[in-house]
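# Fold and geometry: a report
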Amino acid sequence: MIIKIPYVGNILRNTSTEIFCRVLGILYTSSSENVEAIQIAAEASGNVYLTHRIRTVTVPNMLKYGTELSKALNSADFFPDVFISRFSTASETGAVKDTAMQVADYYQLENQFSMKNLMSFIEIMITVVIMAALVFLTILSTETASLNIQPTM
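Residues numbered from 1 in each chain as written. Predicted model: local features only at pLDDT ≥ 70, side-chain atom pairs only at ≥ 80, totals over all residues. Heavy atoms only, no water.

## Here we look at the overall build of the chain
From N to C terminus, the chain includes 6 helices and 0 strands. Seen in sequence order, the chain has helices and strands lined up from the N terminus as α-α-α-α-α-α. Against the globule reference of 15 Å for 153 residues, the chain gives a C-alpha radius of gyration of 26 Å, more extended than a compact globule. Its C-alpha atoms put the chain at 95 × 25 × 20 Å along the principal axes. Across the 153 residues in the chain, those meeting the buried criterion constitute 32%. (Helix = DSSP H or I, 4+ residues; strand = E, 2+ residues; numbered from the N terminus. Rg over C-alpha atoms; globule rule 2.2 N^0.38 Å. Buried < 20%, exposed > 50% of the residue type's maximum accessible area, 1.4 Å probe, protein only.)

Rendered as structure tokens:
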């Protein structure tokens, strides 16, 4: 549910993707223990939904049907298209480890820019709220000053 929040959800999804790629890049080898590396990377991402999708969809597709890495990751229905296309090329060329680190760097930079934009938006919103409060107080003080407080008899 949190991932579907318009701007913040995208940042959280990219953060999970970045952590997944970093851990996968560190653990991935050319041996047959890659399923375990994918599961560990999903758990390390800290995203419960991603971990669940990897365990219930991706890994069974790889083990049961022999699905290649990029198609199995695509079946998780979590990762962006850029991620899938990069891993598709990487699985064909055998450069999964290097690609995982490059994709992690890409998402790290994207998150840095997104966070800067979010902070700028928050600063602008705080400024607008302060300005509105100042305008309200100014109008209130001018109206209060023009009131006739003397009792009428």
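## Focus on the nonpolar core
Within the largest apolar cluster, 29 residues are counted, with the highest numbers of intra-cluster contacts made by Phe 20, Leu 24, Ile 54, Leu 73, Phe 79, Phe 83 and Phe 87. Within the residue set of this core, elements represented by two or more residues are helix 1 (8-27), helix 2 (34-44), helix 3 (48-65), helix 4 (69-74), helix 5 (81-93) and helix 6 (96-145). Those residues in contact with Leu 24 that sit more than four places away from it in its chain are Ala 37, Ile 38, Ala 41 and Phe 87. (Core = buried A, V, L, I, M, F, W, Y, C linked by side-chain atoms within 4.5 Å. Contact = heavy atoms within 4.5 Å.)

## Focus: the packing of helix 1 against helix 6
Running from N to C, helix 1 and helix 6 point in directions that differ by 155 degrees, and their axes come no closer than 8 Å. Here helix 1 lies roughly antiparallel to helix 6, going by the angle between them. Both helix 1 and helix 6 take part in a crossing whose hand is left-handed. Across the contact of helix 1 with helix 6, the residue classes tally to 10 nonpolar, 7 polar and 5 charged. (Axes fitted to C-alpha atoms, helices over the stretch in contact; angles between N-to-C directions. Parallel < 35°, antiparallel > 145°, perpendicular 65-115°, else oblique. Left-handed = near helix turned anticlockwise from the far one by under 90°. Nonpolar A, V, L, I, M, F, W, Y, C, P; charged D, E, K, R; others polar.)

## A look at unusual backbone geometry
Phi at Asp 77 is positive, roughly 55 degrees, even though this residue is not glycine. Its place among the elements puts Asp 77 in the loop between helix 4 and helix 5. Classification of Asp 77 as exposed rests on a relative accessible area of 58%.

## A word on the environment of Ala 104
Tracing the backbone through its elements, the reader meets Ala 104 in helix 6. Between the C-alpha atom of Ala 104 and that of Asn 14, which follows or precedes it by 90 residues, the distance is 9.1 Å. Apart from the residues lying within four places of it in its own chain, the contact partners of Ala 104 are Glu 18, Cys 21 and Arg 22.

## Describing the pattern of salt bridges
A full pass over the atoms with the stated rule returns 3 salt bridges. The partner of Arg 22 in a salt bridge is Glu 18, with the nearest N and O atoms 3.7 Å apart. Here the residue Arg 22 and the residue Glu 18 both occupy positions in helix 1, the gap between them amounting to 4 residues, near one helical turn. With a relative accessible area of 23%, Arg 22 lands in the partly exposed category. Through salt bridges with shared partners, a single ionic network connects Glu 18, Arg 22 and Asp 105. (Salt bridge = Lys/Arg side-chain N within 4 Å of Asp/Glu carboxyl O.)

## Quick notes on a nonpolar patch on the surface
Together, Met 115, Met 119, Phe 121, Ile 122, Ile 124, Met 125, Ile 126, Val 128, Ile 130, Met 131 and Leu 134 make up a nonpolar patch on the protein surface, roughly 1000 Å² of accessible area in all. Positionally, Ile 126 belongs in helix 6. Judged by its relative accessible area of 47%, Ile 126 is partly exposed. (Patch = residues over 30% accessible without salt bridge, like charges linked within 9 Å, V, L, I, M, F, W, Y side chains within 5 Å. Areas by Shrake-Rupley, 256 points an atom, 1.4 Å probe, with all protein chains shown as cover.)

## A short note on the side chain of Ser 70
Structurally, Ser 70 can be placed in helix 4. Polar contacts involving the side chain of Ser 70 include one to the side chain of Glu 68, which spans 2.9 Å. If sequence neighbours within four positions are ignored, Ser 70 has contacts with Ile 84, Phe 87, Ser 88 and Ser 91. (Polar contact = N/O pair within 3.5 Å; in protein donor to acceptor, adjacent residues only side chain to side chain.)

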